[in-house]
Amino acid sequence: MTYASGRNGDQMVSKSPQVVRPAGTIANLADQMLPWSCLAAAIAFWLASLPLIDTQDLGQLGLLTAMPWTMAPAFALVAIGFVLTLRAKVKTGLAPYVMIIMFVVLLHGTAAIVYDNLRYSWAWKHLGVIDFIQRTGTIDQYSRYLAAYHNWPGFFLIFANIGKIFEIDPLEMSQIARFFPLGLNLLYASILPYIFRRLSTDRRLVWTATALFIVGNWVGQDYFSPQGTVFFLLLIVLALCLGPLASIPPRPPANAHPLRFVFWRLQLWSTRRTPVLPQRLPTAHQVTAVVTVLVLILAITASHQLTPILMIAMFAGLFAIGRLSIGFLLFAIAAEMLWLFFIADPFMGQVLPAMIGEFGTIGDATFGAVVDWRQVSDGQRLVSLASRSVVVVIVLAAMAGCLLRLRHGYRDGIAAVLALAPVPLAISTSYGGEILFRVYFFMLPFLAFFAAGLLFPHPKSRFTAFKATALALFLSTLCGAFILANNGKDAQYAFTDGEVAAAKWIYADPVPDTLLIEAATNYPMQFQNYENFIYVPLSEELRTSLNEVLTDPARLLASWLRTHDGPAAYAIFTRSHAAFYEAMSLLPGSSLPEVVDKLMASPDLKVAFAAQDAIVFEAVPVPGPAMSPDDIVRQRYQLEQLMAFGGFGSSGLPISRDHLAEREQERLIDALRDAGYHEAVVTLAPASGSGETAATYEIEVDAGPIYTIGTVRLHGIDTASSGELPQVLTDLVMRAPGEPATRMNFDSLMNVTTWLLGQSGYPFAQVRLGTLDLHAETRLVTMEIVIETGTRATIGTTSVEGVWERIDPAILGDVPLPTDEPYSPDRISILYEALSALPTVAQVWIELVPVTDSVINVAVGIDPAPRFVPSGRDIVGLVLLAILLIIIGTREGLTATEPRLYRTAIGNYTIATVVLGSIAATYVLIRLLEIMAI
């Protein structure tokens, strides 16, 4: 044992022995070269594997199924090379760091290279916020989409300005962003060893902990995102706070209360055998360190919602064990309160009541993003098992390593408080069901430290052959589990050029209030002009529309697209959507490709855009004139990509020429008949020169004459109690004869009939198509519309009630609330539009409450717009908070650089901090009460 003198006094420090063979011997040269030989071989295997990775047909295990066997030796050789660099008899210098870099390249660089586009739909959303800032030059804190990003815009403002300076558009930036996991993990691997050296003097433990963090970081928080970037900033803050800005627990005065001595001894006990603190930096460097930490605290606060709370918890833990001045903790708290209740006020006004309601509870919302094994495919169960296994193994290894180091006299209080700091986040918010993943990510550096302690509990522990073999196997196994856990869903999260092209077509130049029906939210979404759309994910509508999606998806989708009041409406389906539906088993007994086949065969929908792996539909307008047979064929085959698109998501299953011809023949006949050509005959024959699986055909169409509507019979209309209603419908059907007998005209008549019945007080009316009688001699069709009107309804009362009943009635202004009037959707729409137009109203909910079969009450819910408008009082509060931040920062600068001057001024600074802190806390409390009042 040796003793070292430092800023925290004399501490016992163990130094690991260095056993070096005589220089120049062949054996010594072999020891030095063996790790580098393993690295060279690993690089060779990796480079040989890259051309063999085919990402066009990813299975249920994602990238793992596309990797050749040669990737396994690459992982194993790097693990062996890393273990060899830890041997005490080898002078390796930065060799372990080089091996860790190779781990990063294998785990994160491979995906960035083999995929042509940015992974993860939420990364594309981040591009959309950057695009918004570039186009408008501002942020929109009241945005109905992605509002959280606009209220914590630090990350996006930086990249928006970078893109603007270098003229980089969102798609170009996506090509840079796909290498973000590689870059961030290289940065993590660079800063973590410095942090771990503040926790242990054993270089083997330091490098092993860094390697375990890299191979255990499977949760995917290191993509192009604020949280991944801000986490790196947090690591820099920790490195400075544990290094040049660290403190030691001061000994209480002799006349202090006995409890202070007890607490002081506990602080010393918790940091027993901690490495000595580095020597004090020169004054200029010390001031630079303080300013850097304060600036980074502000940057973290302005860029992410969750990380500042974690930072405050870490600061509190370090302060509790006497390793950090309270000033940094107060500065972080003041900055967070300033941001939450003044700058991010628009967002907090909406989410704060819900956050308070779920605080302290662990329920379904907390586990929202955890896969339910009962509902997913077998492949996704294996992926989920791999991810959970990595977490369990690392946590168990960390617990065992912590106990083993404790047994050898190491208290590791610093690592313990930093590891436990993220745990309270799990009960403070569900964070959209992702909080457990974030907690694991934030804990991982210090879990890795304790897990490494299982092999190296103290600097003199022997690194036996058994330990070396176990570590190499453990790292190799974790690499395989990482690929399965991190890349196991790449069939859903990695996007092809065709999917990007379809998204680009949709988002290129949209008109405001365009409806976009998405099969799911996993595609390159919202990366451009996102604010101009109304989004309807089909996957989230399945709970209420599953039967319709399975039986007649075309009719359901066409009705949604046609009834939209906006200027345009589209529906997009992609390969990644199909993979998501299959993995999550969302369509029992069916699949998304089968649904898309039905959509392609429907005359109600037409293809607006098609590319390999993606297709965009829009509704065929109704009513419309009859189409010629040539137009029908041209519409069906207007895009060459459709033929390449072929069996949509068939996963390479062969489709015989005869089967394809028969299927297309039936669909084309149906399309012609739906267009009024009820005697159509279609012949499809392979074109000359076509191969066995060719998708090129010669089409012969004998459409025959077009039929027109001759007579429309209304069945069931006599049950109506109003004398005016039959006349209205009679006028309608009298105009129908002479129109083409097409499916769209049939549907149009039924839709108009339903609408008329609804406007006349029959909201529950059911209308369906009855029989169709074809008259070959006259080419006329007699159609029957079957009507079940139900009971006529009136509006009973209209009131503001429910959770909004405490709202001031004056907010309604002069808007009349209908009472005892005939019910109709138009009356409800007029009420909704009138309330929505009020400047004091942010959102309106209207619920229809049937009282009897003939009386409907209307309940109106109103969400007022935030009332906060900066006033003189609020400006004073902001100024006081700013002054408080300056005082705390100055106090830390004096503490770090001029202890004598600080001791002289301590009374004045303490009084100023307490007074201004109390006033600032009062203003924050007022803001909190204002938000809660809303």
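(A) Spotlight on the overall build of the protein. Within the protein, the secondary structure is distributed over 35 helices and 15 strands. The burial tally for the protein puts 52% of its 934 residues in the buried class. Looking at the protein alone, contacts between residues at least 24 apart form 75% of all its contacts between residues at least 6 apart. For the protein, the exposed area adds up to about 41,600 Å²; of that, 62% sits on carbon and sulfur atoms.

(B) Spotlight on helix H24 (residues 542–551). All of the buried residues along H24 are Leu542, Ser545 and Val549. The buried residues of H24 occupy an angular sector of 95° when the element is viewed end-on, so they sit on one face. What points out from H24, more than 90 degrees from its buried face, is the exposed set Thr544, Asn547 and Thr551. In this structure, the buried residues of H24 make contact with helix H25 (553–562), helix H26 (575–584) and helix H27 (592–601).

(C) Just the pattern of salt bridges, in detail. Inspection of the entire model under this criterion finds ten salt bridges. Between arginine 119 and aspartate 490 there is a salt bridge, with its nearest N and O atoms 2.9 Å apart. Taken together, the positions of arginine 119 in the loop between helix H4 (95–114) and helix H5 (121–136) and aspartate 490 in helix H22 (residues 490–493) put the pair 371 residues apart, joining distant regions of the chain. The same class applies to arginine 119 and to aspartate 490, which are both buried. Ionic pairing is found between arginine 779 and glutamate 679, a salt bridge with its closest N-O pair at 3.6 Å. You can see arginine 779 sitting in the loop between strand E11 (766–775) and strand E12 (780–788) and its partner glutamate 679 sitting in the loop between helix H30 (657–674) and strand E8 (681–686), a full 100 residues away along the chain. Assessed through its relative accessible area of 30%, arginine 779 is described here as partly exposed. Salt bridges here are not isolated pairs; linked through shared partners, they connect Asp131, Arg135 and Glu531.

(D) Representation of the sheet that holds strand E10 (residues 708–715) in the model. Judged by pairing direction, the sheet is mixed, and its three strands sit side by side in the order E10-E12-E11 without closing on themselves. What marks the edges here is a single partner per strand, and that holds for E10 and E11. Pairs of neighbouring strands in the sheet enclose a mean axial angle of 20°, with direction left out of account. Note that E11 and E12 share eight bridges and pair antiparallel. Bridged to histidine 775 within E12 is leucine 780.

(E) Region of interest: the side chain of threonine 301. Mapped onto the secondary structure, threonine 301 falls in helix H13 (residues 283–303). Separated by 2.7 Å, the side chain of threonine 301 and the backbone oxygen of isoleucine 297 make a polar contact. Those residues in contact with threonine 301 that sit more than four places away from it in its chain are Trp152, Pro308, Met311, Ala335, Glu336 and Trp339.

(F) Spotlight on the pairing of E12. Most of E12 sits inside the fold, with seven of its nine residues counted as buried. The pairing of E10 with E12 spans seven bridges and is classified as parallel. Paired with arginine 713 across the strands is glutamate 784, a residue of E12. The hairpin turn running from E11 into E12, its antiparallel successor, is four residues long, and arginine 779 in that turn takes a positive phi close to 60°.

(G) How the structure looks around the environment of tryptophan 560. Mapped onto the fold, tryptophan 560 is located in helix H25. Each C-alpha atom, one on tryptophan 560 and one on alanine 619, is 9.0 Å from the other, the two residues being 59 residues apart in sequence. Setting aside chain neighbours within four positions, we find tryptophan 560 in contact with Leu515, Ile517, Leu538, Glu541 and Ser545.

(H) Representation of the packing of helix H11 (residues 226–242) against helix H20 (residues 435–453) in the model. Across the interface, H11 lies against H20 with an axial gap of 12 Å and an inter-helix angle of 30°. Read as a crossing pair, H11 and H20 show a hand that is right-handed. Residues Gln227, Phe231 and Leu238 of H11 touch H20, and the partners they reach there are Arg438, Phe441, Phe442, Pro445 and Phe446. Here the contact of H11 with H20 is composed, by residue class, of six nonpolar, one polar and one charged.

(I) Fine view of the packing of aromatic side chains. This structure, assessed with the given rule, holds 35 aromatic pairs. With 6.1 Å between their ring centres and 50° between their planes, phenylalanine 132 and tyrosine 530 make a pair best called tilted. Highlighted residues: phenylalanine 132 in helix H5 and tyrosine 530 in the loop between strand E3 (514–518) and strand E4 (533–537), separated in sequence by 398 residues. Each member of the pair, phenylalanine 132 as well as tyrosine 530, is classed as buried. Ring geometry for tryptophan 505 and tyrosine 570: centres 5.3 Å apart, planes at 80°, overall edge-to-face. Pair noted here: tryptophan 505 is in helix H23 (residues 497–507) and tyrosine 570 is in strand E5 (residues 569–574), with a separation of 65 residues, a long-range link. The ring of tyrosine 194 carries arginine 198 above its face, with NZ or CZ at 5.1 Å from the centroid.

(J) Just the side chain of glutamine 380, in detail. Following the sequence through the fold, glutamine 380 ends up in helix H17 (residues 378–407). In this structure glutamine 380 touches Gln60, Gly488, Lys489, Gln492 and Ala583, once residues within four positions along its chain are discounted.

(K) Fine view of the sheet that holds E5. Reading across the sheet, the five strands line up as E4-E3-E5-E7-E6 and stay open at both edges, with mixed pairing between neighbours. Since the sheet does not close on itself, it has two edges, and those belong to E4 and strand E6 (605–611), each with one partner. Averaged over all neighbouring strand pairs, the angle between strand axes comes to 25°, with direction disregarded. Judged from the six bridges that link them, E6 and strand E7 (residues 614–619) form a sheet pairing that is antiparallel.

(L) Just the environment of threonine 708, in detail. Residue position: threonine 708 is located in strand E10. Taking the relative accessible area as the measure of exposure, threonine 708 reaches 22% and is therefore partly exposed. Residues threonine 708 and alanine 736 lie 28 residues apart in sequence; the distance between their C-alpha atoms is 9.4 Å. In this view, threonine 708 contacts Gly738, Glu739, Pro740, Ala741, Arg779, Leu780 and Val781; residues no more than four positions away in its chain are not counted.

Analysis parameters
Residues numbered from 1 in each chain as written. Predicted model: local features only at pLDDT ≥ 70, side-chain atom pairs only at ≥ 80, totals over all residues. Heavy atoms only, no water. Helix = DSSP H or I, 4+ residues; strand = E, 2+ residues; numbered from the N terminus. Buried < 20%, exposed > 50% of the residue type's maximum accessible area, 1.4 Å probe, protein only. Contact = heavy atoms within 4.5 Å. Areas by Shrake-Rupley, 256 points an atom, 1.4 Å probe, with all protein chains shown as cover. Arc of directions from axis to C-beta. Salt bridge = Lys/Arg side-chain N within 4 Å of Asp/Glu carboxyl O. Pairing = 2+ DSSP bridges. Axes fitted to C-alpha atoms, helices over the stretch in contact; angles between N-to-C directions. Polar contact = N/O pair within 3.5 Å; in protein donor to acceptor, adjacent residues only side chain to side chain. Left-handed = near helix turned anticlockwise from the far one by under 90°. Nonpolar A, V, L, I, M, F, W, Y, C, P; charged D, E, K, R; others polar. Phe/Tyr/Trp six-rings, centres within 6.5 Å; stacked < 30°, edge-to-face > 60°. Lys NZ or Arg CZ within 6 Å of the ring centre and 35° of its normal.

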